[in-house]
Amino acid sequence: MALPGKPLGEQNKLMTTILLIEQVLNGLQFGVMLFLTAAGLTLVFGVMGLINLAHGSLFMVGAFAAAAVAGATGSFILALAASLAAAAAAGALVEMLVIRRLYSRDHLDQVLATFALILIFSEGTRWLFGSFPLYLNIPTWLSGPVTLPGGIQYPLYRLTIIAIGLVIAGGLFLLISRTRLGIRIRAGESDREMIAALGVDISKLYTIVFALGAALAGLAGALVGAIQSVQVGMGEPVLILAFVVIVIGGIGLVKGALIGSILVGLTDTLGRILLPEVFKLFLDPSTATSIGASLATMSIYILMAAVLVVKPTGLFGAKA
Amino acid sequence: MTRETWINAALALGLLAVPLWAWVADEPFTITLATKVAILALAGVGLNIALGLGGLVSLGHAAFFGLGGYAMGILAAHAQNYTPLMEWPLVVEGTKSMPVIWLVAVIVSALTALLIGALSLRTSGVYFIMITLAFGQMLYYFAISWPAYGGEDGLSIYVRNGFPGLNTLDPIQFFAICYVLLILALAFSARLARSPFGLALNAARQSPQRVETVGISPYRLRLLAFVISGAITGLAGALFADLNRFVSPSMFSWQTSGEIMVFIILGGTARLFGPVAGAALFIFLEQALGGLSEYWHVHLGLLLLAVVLFARGGIIGTLAGQGARND
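Residues numbered from 1 in each chain as written. Chains lettered and ligands numbered in written order. Predicted model: local features only at pLDDT ≥ 70, side-chain atom pairs only at ≥ 80, totals over all residues. Heavy atoms only, no water.

Considerations on the overall build of chain A
Convention followed: Every helix listed is a DSSP run of H or I at least four residues long, and every strand listed is a run of E at least two residues long, numbered separately from the N terminus. Computation of the radius of gyration draws on C-alpha atoms alone. For the globule rule, the value is 2.2 Å times the number of residues to the power 0.38. Three labels apply to residues, based on accessible area from a 1.4 Å probe with only protein chains included: buried if under 20% of the type maximum, exposed if over 50%, partly exposed otherwise in between. Should any heavy atoms of two residues lie within 4.5 Å, those residues are counted as being in contact. Computed with a 1.4 Å probe, the accessible areas rest on the Shrake-Rupley method; for each residue, only the protein chains presented here act as cover. Positive charge is attributed to Lys and Arg, negative charge to Asp and Glu, and no charge count is given to His or to the chain ends. To locate a charge, take NZ of a lysine, CZ of an arginine, CG of an aspartate or CD of a glutamate.
Helix and strand content of chain A: 11 helices and two strands. Helices and strands appear in chain A in the N-to-C order α-α-α-α-β-β-α-α-α-α-α-α-α. Over its C-alpha atoms chain A spans a radius of gyration of 21 Å, differing by no more than 12% from the 20 Å that the globule rule assigns to 320 residues. Its C-alpha atoms give chain A principal-axis dimensions of roughly 75 × 50 × 40 Å. Counting every position in chain A, which comprises 320 residues, the buried fraction comes to 53%. Here the analysis covers contacts within chain A between residues at least 6 apart in sequence; of these, 76% occur between residues at least 24 apart. When the accessible area of chain A is evaluated, it comes to approximately 13600 Å², of which 69% is carbon and sulfur surface. The average position of the 18 basic charges and that of the 14 acidic charges among the side chains of chain A differ by 8 Å.

Structure representation (structure tokens):
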């Protein structure tokens, strides 16, 4: 993008700034998507004390449901609704059939049972939809770039994801701090016997919380599915990143999940473009690119290790 | 002898008898399967020291399995290309000798386990699970993005590495090596459990406060257990890479961590021979169900779910009863 009438050095500087802002937005979009996945995971852990490896499968279920409905009807809105509904239904079903039996078990049993669920979900999906990736198209009214203040061109769809994510984050905070369900969720976190004694149907509450978390993961899957391809195994990398987010932010805390997600999103995205540049300052370009790229893939884990050294219970966590 | 001892003896002899029969019947594929069982069981024996004895649910043991594999891959690749591993400050050549490769695999895995353990053991419970998983994944992505040793495609070795006095290309002789290492690791593991260290570790799992009260640091016990555990799993990784004559980043993947853990649980947590029984069942199912249906992981998932929900002692626990388990 050559701007007429400006000296070359200044143009380069402008280009770098624009690139940087674009990458910050990409990092935000990635972080917001991670938040949608991590929020359910952290709520389920906070309220039920359960570590759920199969959360990534619910992400995948949402993406497949959206791709199937979009393929059949052509409507993106219907596809998003389907992802919410399918993931929530799958979540509620799994909670009632399997997860419910795991609350009183130790973490090892929870890890294994939910690992088994991943195998069942992944192979089941492969059996239903085949091994080939599906594609979910961005609808025309959301495709194309928009011009942001300052003349930056940015894809409208990615901006929409950021907006949806922030709206849902806000909604979740309101739900937890202002509504009766939120009061029960917070009470369940601090003392589950007490709220059962007060006449709250605790097993119904657990199913609702689990389905809510599943629905958010499913929505994230559908939103991301339109950027990447929809395929079996797409959920697990996101699941592991969501774990990193939760470790950084503190388990059971929606606020921690939000801050952690955005930190991880920005670190990953900016690391990928900045680290090779940093190494170019004292190494030859090809070595710098390869070392920088390798280190960039590790940057979020190094961030996690750093947080652990300083605060083992996460940035906002109090209890271990 | 308790019933569990009988079952253990039967498993040890069975794992020896099957390949011997296959050797006589000239079925090298069965010998390879038995070798795979022995190697995967060895990886499980390693994890079982952290998981069964120490109560440390590590979902990142693929890190050590993969490091062992890459130790073998990198050393052997340099040896077969006649390029030194490094030239400065001193010249280090690659090698095709198994004992040297094992030593390197064990040292590299142990040092990495020391680093990962020192950080991860600052936390406990569910944090520990997530962090070990994340560190494993970090090495996975590093292996994929590091182009020097094959990146995503992995590394192939043309000829299996050598062991003095044996022909490792002969399946039964390679099986013998793996079997002896497995038995040694089992004997070591059994002694470890009865040693003062093992007893203190067991106590730290059940009641860390009491252990601390008598002046022992649970952190150091656990860290040592994690290092030993990682080193044994690293050795198994080197053997596994030698079996396939191939290493790839998939050895680092979190599914590998999950599967090593599955061997232990199918066999029976904290049982000495649990990983042997579990790995044998896993390979048997893979062969039996994998032939019937492309989607055999569904059946594996259902079986695993049933074991976790209803048969908590695994195979050995179901056969030997709950008596021997000292919780």
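Digging into the overall build of chain B
In terms of helices and strands, chain B carries 13 helices and two strands. The C-alpha atoms of chain B give a radius of gyration of 20 Å, which matches the 20 Å a tight globule of 327 residues would have. By its C-alpha atoms, chain B is 55 × 50 × 40 Å across when sized along the principal axes. Across the 327 residues that make up chain B, the buried fraction comes to 56%. Surface accessibility of chain B: about 13800 Å² in total, with carbon and sulfur atoms responsible for 66%.

Digging into the packing of helix 5 (residues 156–178) of chain A against helix 10 (residues 254–280) of chain A
Residues and elements named next belong to chain A. Spelled out, the test is: The axes used here are C-alpha line fits, helices contributing only the stretch in contact, and every angle between their N-to-C directions lies in the interval 0 to 180 degrees. Oblique is the label for any angle not covered by the other classes, which are roughly parallel (under 35 degrees), roughly antiparallel (over 145) and roughly perpendicular (65 to 115). Crossings are classed by handedness, with left-handed meaning an anticlockwise turn of the near helix from the far one by less than a right angle and right-handed meaning a clockwise turn. Amino acids are sorted into nonpolar (Ala, Val, Leu, Ile, Met, Phe, Trp, Tyr, Cys and Pro), charged (Asp, Glu, Lys and Arg) and polar (every other residue, Gly among them).
The N-to-C vectors of helix 5 and helix 10 enclose an angle of 165 degrees; their axes lie 11 Å apart at closest approach. In terms of orientation, helix 5 and helix 10 fall into the roughly antiparallel class. Remark: the crossing between helix 5 and helix 10 carries left-handed chirality. Together, Ala169, Leu172, Phe173 and Ile176 of helix 5 and Val254, Lys255 and Leu258 of helix 10 make up the contact between the two elements. Residue composition of the contact of helix 5 with helix 10, grouped by class: six nonpolar, no polar and one charged.

Looking at the interface of chain A and chain B
Counted only if it meets this: Accessible surface is computed with a 1.4 Å probe, and the buried area is the amount of it that two parts give up when combined, taken over both parts together. Take a side-chain nitrogen of Lys or Arg and a carboxyl oxygen of Asp or Glu: if they are within 4 Å of each other, that pair is a salt bridge.
Taken together, the contact between chain A and chain B spans 48 residues of the former and 42 residues of the latter. Together, the buried faces of chain A and chain B total about 4200 Å²; carbon and sulfur atoms form 82% of this surface. Three residues, Leu112(A), Phe115(A) and Tyr301(A), lead the burial of chain A against chain B; their summed loss comes to 14% of the area buried on that side. Remark: the boundary between chain A and chain B carries zero salt bridges. Only helix 4 (107–129), helix 9 (235–249) and helix 11 (285–310) of chain A provide two or more residues apiece to the side of chain A that touches chain B. Residues of the side of chain A that touches chain B, tallied by class, amount to 33 nonpolar, eight polar and seven charged.

Section: the pattern of salt bridges
When their charged atoms lie close together, side chains carrying opposite charge are able to pair. Residue and element names in this part refer to chain A. If you walk through the whole model with that rule in mind, you get seven salt bridges over all chains. Asp109 serves as the salt-bridge partner of Arg105, at 3.1 Å between the closest nitrogen and oxygen. Overall, Arg105 belongs to the buried group, its relative accessible area being 16%. For Glu277, the salt bridge goes to Lys280, with nearest N and O atoms at 3.5 Å. Placement of both Glu277 and Lys280 in helix 10 is noted, with a separation of three residues, approximately one turn of the helix.

Examining helix 10 (residues 254–267) of chain B
All names here are of chain B. Let me state the cut-off plainly: Multiplying one less than the number of residues by 1.5 Å gives the expected span of a helix.
Compared with an ideal rise of 1.5 Å per residue, which puts 14 residues at 20 Å, helix 10 spans 20 Å between its outermost C-alpha atoms and is within 8% of the ideal. The element helix 10 is extensively covered by neighbouring structure, given that 12 of its 14 residues are classed as buried. Listed as buried for helix 10 are Trp254, Thr256, Ser257, Gly258, Ile260, Met261, Val262, Phe263, Ile264, Ile265, Leu266 and Gly267. Residue Gly268 follows helix 10 closely and has a positive phi angle near 135 degrees.

Section: the packing of aromatic side chains
Residue and element names in this part refer to chain B. We apply this condition: Aromatic rings from Phe, Tyr and Trp, taking only the six-membered ring of Trp, are treated as a pair when their centres fall within 6.5 Å; an angle between ring planes under 30 degrees marks them as stacked, one over 60 as edge-to-face, and anything in between as tilted.
Under the criterion given, the structure shown has 15 aromatic pairs over all chains. Ring plane angle 35 degrees and centroid distance 5.6 Å describe the contact between Trp102 and Phe163, whose orientation is recorded as tilted. Of this pair, Trp102 sits in helix 4 (residues 98–120) while Phe163 sits in the loop between strand 1 (155–156) and helix 6 (171–194), and the two are 61 residues apart along the sequence. The exposure class of Phe163 is partly exposed, given its relative accessible area of 26%.

Comments concerning the side chain of Ser253(B)
Residue and element names in this part refer to chain B. How we decide: Two N or O atoms form a polar contact when they lie within 3.5 Å of each other; inside protein one atom must be a possible hydrogen donor and the other a possible acceptor, and for residues adjacent in sequence the pair counts only when both atoms belong to side chains.
Here Ser253 lies in the loop between strand 2 (246–247) and helix 10. A polar contact of 3.0 Å, which involves the side chain of Ser253, links it to the backbone oxygen of Ser250. For Ser253, the residues in contact, after removing those within four places along its chain, are Ala62 and Tyr140.

Some words on the side chain of Thr112(B)
Relative to the helices and strands, Thr112(B) is located in helix 4. If near-sequence neighbours (up to four positions away) are discounted, Thr112(B) is found in contact with Phe64(B), Leu67(B) and Leu139(B).

Concerning the confidence of the model for chain A
Worth spelling out the cut-off: Each residue carries a pLDDT value, the predictor's own confidence for that position, ranging from 0 to 100.
In the predicted model, chain A carries a mean pLDDT of 87, and the fraction of residues at 70 or more is 96%. For chain A, per-element mean pLDDT is lowest for helix 7 (residues 192–197) of chain A, which scores 82, and highest for helix 3 (residues 76–97) of chain A, which scores 95.

Some thoughts on the nonpolar core
So the rule is basically this: Joining through side-chain atoms within 4.5 Å is the link that ties buried Ala, Val, Leu, Ile, Met, Phe, Trp, Tyr and Cys residues into a set, and such a set is a nonpolar core.
Within the largest apolar cluster, 212 residues are counted, with the highest numbers of intra-cluster contacts made by Phe35(A), Met48(A), Leu15(B), Leu182(B), Phe226(B) and Met261(B). Looking at which element gives the most residues to this core, the answer is helix 2 (residues 28–53) of chain B, with 16 residues. If near-sequence neighbours (up to four positions away) are discounted, Leu15(B) is found in contact with Ala34(B), Val37(B), Ala38(B), Phe175(B), Tyr179(B), Leu182(B) and Val276(B). Among the nonpolar cores identified, the runner-up in size contains six residues, and Leu25(A), Leu148(A), Ile152(A) and Tyr154(A) belong to it.

Comments concerning the environment of Phe284(B)
Residues and elements named next belong to chain B. By the secondary structure assignment, Phe284 is in helix 11 (residues 274–292). Phe284 gets classed as exposed once you look at its relative accessible area, which sits at 53%. In this structure, the C-alpha to C-alpha distance between Phe284 and Leu33, residues 251 residues apart in sequence, is 8.7 Å.

Some remarks on the packing of helix 4 of chain A against helix 10 of chain B
One can describe the packing of helix 4 of chain A onto helix 10 of chain B by two numbers: an axis separation of 11 Å at closest approach and a directional angle of 120 degrees. Classified by the interaxial angle, the pair formed by helix 4 of chain A and helix 10 of chain B is oblique. As for the relative orientation of helix 4 of chain A and helix 10 of chain B, their crossing is left-handed in sense. Contacts from Leu108(A), Val111(A), Leu112(A), Phe115(A) and Ile118(A) of helix 4 of chain A reach helix 10 of chain B at Trp254(B), Gln255(B), Gly258(B), Glu259(B), Met261(B), Val262(B) and Ile265(B).

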